[in-house]
Amino acid sequence: MHLDHDHPHTHANQPDCGCGEHSHCGDHAACAACSEHHDPREELLALMRYMIGHNAQHANELAKLAHKLEEMGDRAASDQVLQAVGDYEKGNLRLSTVLASLDHKQEVN
């Protein structure tokens, strides 16, 4: 599974298979060494955990941006950014629910 995104930064909690053969954002399809070490289901769960944390980081960054907009006197822009923060949080809640369900299914099996 490969998820492209346009922002050039990296995050400290980005998953890494440790093979040293590539950098990625959850893409293990391109790394032959990884397929020898990782279960596809575990990869999916790790990617979901990463994405939830990644989204939370962006939500925090946006909340800070909203605060700065408020300080600059642009309340309308601040409100819109805070709505975007809420959207990230709602999305993360849904992803967390799916992750919990998948984790539970894995424990049962």
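Anything mentioned here points back to the structure above.
Each residue is numbered by its place in its chain's sequence as written, counting from 1. Per-residue local features of the predicted model are confined to residues with pLDDT of at least 70, and side-chain atom pairs are confined, for both listing and counting, to 80 or more; whole-chain, interface and lining totals are unaffected and use all residues. Only heavy atoms go into the side-chain values, all of them from the structure, while hydrogens and water stay out.

(A) Quick peek at the packing of helix α2 (residues 40-71) against helix α3 (residues 75-108). Only C-alpha atoms enter the line fits that serve as axes; for helices the fit covers just the stretch in contact. Angles between N-to-C directions range over 0 to 180 degrees. Per the convention used, a helix needs a DSSP run of H or I reaching at least four residues, while a strand needs a run of E reaching at least two, with both numbered from the N terminus. The interhelical angle for the contact between α2 and α3, taken along N-to-C directions, is 165°, at an axis separation of 9 Å. When the interaxial angle is binned, α2 and α3 end up roughly antiparallel. When you trace α2 past α3, the crossing you get is left-handed. Each residue belonging to the contact of α2 with α3 can be placed in one class, and the counts come to 20 nonpolar, 6 polar and 7 charged. Oblique is the label for any angle not covered by the other classes, which are roughly parallel (under 35 degrees), roughly antiparallel (over 145) and roughly perpendicular (65 to 115). By definition, turning the near helix anticlockwise from the far helix through less than a right angle yields a left-handed crossing, and turning it clockwise yields a right-handed one. Nonpolar residues are Ala, Val, Leu, Ile, Met, Phe, Trp, Tyr, Cys and Pro. Charged residues are Asp, Glu, Lys and Arg, and all others, Gly as well, are polar.

(B) Geometry of the side chain of His58. Looking at where His58 falls in the secondary structure, it is placed in helix α2. A distance of 3.2 Å separates a polar atom in the side chain of His58 from a polar atom in the side chain of Glu61. Under this definition, polar contacts are N or O atom pairs within 3.5 Å; protein pairs additionally need one hydrogen-donor-capable and one acceptor-capable atom, and for neighbouring residues in sequence, both atoms have to be side-chain atoms.

(C) Expanded view of the pattern of salt bridges. Criterion for a salt bridge: a side-chain nitrogen of Lys or Arg within 4 Å of a carboxyl oxygen of Asp or Glu. In this structure the tally under the stated criterion is 3 salt bridges. Where Asp103 meets Arg49, a salt bridge forms, and the shortest distance between an N and an O atom there is 2.9 Å. Taken together, the positions of Asp103 in helix α3 and Arg49 in helix α2 put the pair 54 residues apart, joining distant regions of the chain. Type-normalised accessible area, obtained with a 1.4 Å probe on protein chains alone, sets the label of each residue: buried when under 20%, exposed when over 50%, and partly exposed for intermediate values. By relative accessible area, which is 21% here, Asp103 ends up partly exposed. Linking Arg75 and Asp79 is a salt bridge whose minimum nitrogen-to-oxygen distance equals 3.3 Å. Here Arg75 and its partner Asp79 are both found in helix α3, 4 residues apart, which amounts to about one turn of the helix. When salt bridges with common partners are traced through the structure, they connect Glu70, Arg75 and Asp79 into a single cluster.

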